[in-house]
Each structure stands twice: as structure tokens, then as C-alpha cells.
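Here is what each chain is made of, one letter per residue.
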Amino acid sequence: MEVKARAPGKIILSGEHAVVHGSTAVAASIDLYTYATISFPTAENDDSLKLQLKDVALEFSWPIGRIKEALSNLGAPSSSTPTSCSIESVKSISALVDEQNIPEAKIALASGVSAFLWLYTSIRGFKPATVVVTSDLPLGSGLGSSASFCVALSAALLALSDSVNVDAQHQGWSMFGEPDLELLNNWAFEGEKIIHGKPSGIDNTVSTYGNMIKFRSGNLTRITSKMPLKMLVTNTKVGRNTKALVAGVSVSERTLRHPNAMSFVFNAVDSISNDLANIILSPAPDDVSITEKEEKLEELMEMNQGLLQCMGVSHASIETVLRTTLKYKLASKLTGAGGGGCVLTLLPTLLSGTVVDKVIAELESCGFQCLIARIGGNGVEICIGGSS
Ligand SMILES: Nc1ncnc2c1ncn2[C@@H]1O[C@H](COP(=O)(O)OP(=O)(O)O)[C@@H](O)[C@H]1O
Ligand SMILES: C[C@@](O)(CCOP(=O)(O)O)CC(=O)O
Ligand SMILES: [Mg+2]
């Protein structure tokens, strides 16, 4: 028996960082996924929990007895009640992760491994299994790999519990029902907290529900775009860590130093996100109105980028992408935590394919990697039997 879940990555069209401080943000799922597969030991004597992270070529194995000993305070698992990892459990889990000697160059992965251990033991308890994770997403680049990792794991784990309804006879990928999605999203948020420190919840929510959402203070509004939206995603390949950008060096510290100024910045972002959502939601019956709306979106993206710069999360590589796309009269903004990572560029409907090819060629000549993301699409899905 094998259970496989997949959860999409995301782009944030407007409002990253400010959303952590209570502003509205708009995000959409993209057709790049993280997959989590759980299978059970065949050998009777295999009493261990194994985690294989294929993208980073790392494998971990813990004897179940060792996990039980470290997390003896946990009690019976309660998959229907998402629970935060206590300070005491954080310490015990860190000890379990430290014992695995992750190479220094890959130490950023330790938080993901900790999130895995918390989700696994809280939802499934102390049972042996092998969990394999693979992803289409670049890790740590602003496309929400951490959230899709937590959503895919929560989905696969919950599918094996009594807390959700899954149709074991269904062939191929299937979606969860509404109450199950809420439970799964809340669990994924607990994992995302371990990776990010202080997440807003937008990434796990859009990965869970898919399509496009407006998000503010933990509440989501689903939105359906009334216009075609094509985005070029440029990965600067400059690595960074969301936790550090959210909490440490930049936004939160700047907010402490300049609370009034930053509250105006966050309010401006809130208005930009609401305006952006209204434009996307209003009907566009012909090419002229689509072009008008695209011009307004471009302006809002540029304004949002200016405010992200103001928050201190831009980067020289991001500025290079902005300058390059501007040469072709295209508007761009960073997406996700910034500090490197990915940049979004709106590709207007009437833009010729030749211009798109030229801008991509110029960006790639700078060492960046471009992709055109399909926006929207399903959120998390499950496949029992693992044939897909
Ligand atoms: N496929 C994966 N395999 C292992 N760890 C992952 C995977 N996807 C995400 N992670 C965890 O999430 C972290 C990256 O999250 P983050 O810094 O928030 O960037 P982003 O969410 O933009 O990709 C990684 O360092 C790792 O801990
Ligand atoms: C910066 C932030 O708004 C988005 C982070 O996205 P990512 O981890 O960089 O993909 C943080 C959050 O909302 O939790
Ligand atoms: Mg993340």
C-alpha cells in the first residue's frame, strides 16, 4: 500500500511580507508540485522511520524506539487537532535532526526535516514507514516550496488517518472535501511555522485550495480571474531563506525601528492588493479593456515592488531583472520573500512571441532561469495506491 499526495507551489501577485503584518495579499497556485509518498515496511523487522529528500539527495532514518524516547511527552497522536510544536518538542526534534549530521552546506534543510518529524509523529504517531519527497519547484526561491512540502506531507499523512474521508477505490488523483481541506491546511500551517518562524499562512492556503486567493489575517477569499494572466517567472538563482527575511535582518526589525512609516507602507500594500484583485475580478469583454486592465496591473506591480524595496527585501539580482524587462517595457516585481529568488513579469496578451523570446534570452544570458507559469489549477490532491 502506498499513498501519494501532490501540492502546488505559488506566486504572490501582490502583498508578500506586508501580509505577515496584516495587509491583504493576492496569490495563485502554479502547475509545479511537491510530491510526498508514504509506503510501509515489507520486512517485519524494519522498525524505522525513513525520509528520502530526492531533490537534495539526502536520506534519513530513525529507529522508532529512538523517536519514542525523544518525544515521550507527546502521547497518542490526534490527527483531528492541529497542534503547535511546543518549545520542549522543538528541542527534542532538533536533537533527532542533529543526530543525522546534515552537511553544513545543506543545513537550511534541517527546518524542513523538523517540520516533517512534527507532522509525522503528531498525525501518525510512532509507526514505521518510508516517506519520499520530490519537487518540481526550486527550493528557497519564493515559489512556496516550504508550504507545498508541508501541504503534501499533511495530505498523505491525513489520508492514512480516520480524520479525513478519502475514496480508496478512486483511480488517479482526487481532491479532498471542504472540511478535510481546512484540517489539512491547519496542519500544514503548523509545519510552515517550524520552517518560517512567523508565516502569514498565505502559502499553505493557496497550495491547499489552489486557484487564486485574496488573503488577509488568516482569512481567504477565493477569486476567479476574469482576464487571461500570463506571467514570466525569472529565478535569479540567488539563494536566501524566508525565515531570515521575515524575522531577522529585514522587515520585522525595520518595523520595530520605524513603526509609523512601516504602517503606512503596509497600508499602501493593502490598497494595492485590493485594487489588483478588483481589476482581476472585473469583466474584460474585448482586447481594448484587457489591455487597459493589464496596464493598471503593471502599474500596481511596480508600486508593490517599490514598497518591497522600501521594506529592504529587494536584491541586486532582482534589480537586474527589473532593468532588463523594463527595456522591453515590461513590468516586474519580486515574488515570495525576495532577497534573491524569483521575479514575476506580466506578459501582456498582445505581446509578440518574438519579444518574449528576446527578453527570456537576455535574462538567461545573465545566468537567470526563466519559466512561464500556468496560473491557477487545483490545490492539493491525493492518489491511493500511488499509480499516478
Ligand atoms: N522538496 C523539498 N525537500 C526538502 N526540503 C524542502 C523541500 N521543499 C521545501 N523544503 C524546506 O523548505 C525550505 C525552503 O523554504 P523557504 O525558505 O520558505 O523558501 P520557499 O518556500 O520560497 O521555497 C528548505 O530549506 C527546506 O527546509
Ligand atoms: C514573505 C512571505 O509573505 C511569503 C514567503 O514566501 P516564500 O517562502 O518565499 O515562498 C511570508 C509569509 O507570508 O508567510
Ligand atoms: Mg516558504
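In the annotation of an unreviewed UniProt entry, the entry for the chain reads Mevalonate kinase, and the organism field reads Hevea brasiliensis. Within the UniProt record for the chain, the comment given under Catalytic activity (unreviewed entry) is "(R)-mevalonate + ATP = (R)-5-phosphomevalonate + ADP + H(+)". The record held by UniProt for the chain lists under Pathway (unreviewed entry) the comment "Isoprenoid biosynthesis; isopentenyl diphosphate biosynthesis via mevalonate pathway; isopentenyl diphosphate from (R)-mevalonate: step 1/3."

1. So, the site of ligand 2
Lys10, Ser200, Arg240, Thr242 and Ala337 are the nearest of the 19 residues found near ligand 2. Within the backbone of histidine 17, one N or O atom sits 3.0 Å away from an oxygen atom of ligand 2. In the environment of ligand 2, an oxygen atom lies 2.9 Å from a nitrogen or oxygen atom belonging to the backbone of alanine 337. When ligand 2 is considered free in solution it has 390 Å² of accessible area, and contact with the protein chains removes 98% of it.

2. Some thoughts on the UniProt feature "domain: GHMP kinase C-terminal" (unreviewed entry) in the chain
UniProt marks residues 295-347 with the feature "domain: GHMP kinase C-terminal" (unreviewed entry), using the numbering shown here. Taken end to end, residues 295-347 is 55% helix and 17% strand, and its two terminal C-alpha atoms sit 11 Å from one another.

3. Considerations on the nonpolar core
Leu49, Leu51, Trp62, Phe116 and Leu117 are the most contacted members of the largest nonpolar core, which totals 57 residues. The element best represented in this core is helix α4 (residues 145-159), accounting for 10 residues. Apart from residues no more than four positions distant in its own chain, phenylalanine 116 is found in contact with Leu49, Leu51, Trp62, Val131, Phe149 and Leu153. Core analysis: the next-biggest nonpolar cluster, separate from the first, contains 53 residues, Leu137, Met227, Leu232 and Phe368 among them.

4. Considering the layout of surface pockets
Roughly 210 Å³ of internal volume is contained in the second largest pocket. Along the wall of the second largest pocket there are 13 residues; nearest its centre are Asn211, Met212, Ile223, Thr224 and Ser225. Of all the secondary structure elements, the ones that give two or more residues to the lining of the second largest pocket are β7 (212-216) and β8 (219-223). Each of two domains, domain 1 (2-221 + 379-384) and domain 2 (225-373), supplies a minimum of three residues to the lining of the second largest pocket.

Calculation rules
Residues numbered from 1 in each chain as written. Chains lettered and ligands numbered in written order. Predicted model: local features only at pLDDT ≥ 70, side-chain atom pairs only at ≥ 80, totals over all residues. Heavy atoms only, no water. UniProt positions renumbered as here; feature names shortened; annotations may be inferred. Near = heavy atom within 4 Å. Polar contact = N/O pair within 3.5 Å; in protein donor to acceptor, adjacent residues only side chain to side chain. Areas by Shrake-Rupley, 256 points an atom, 1.4 Å probe, with all protein chains shown as cover. Helix = DSSP H or I, 4+ residues; strand = E, 2+ residues; numbered from the N terminus. Core = buried A, V, L, I, M, F, W, Y, C linked by side-chain atoms within 4.5 Å. Buried < 20%, exposed > 50% of the residue type's maximum accessible area, 1.4 Å probe, protein only. Contact = heavy atoms within 4.5 Å. 1 Å grid on protein atoms, 1.4 Å probe; cavity = no way out; pocket = protein on both sides within 12 Å on 5 of 7 lines; lining within 4 Å. Points joined across faces, edges and corners; volume = space filled by probe spheres on them. Domains from an automatic or database assignment.

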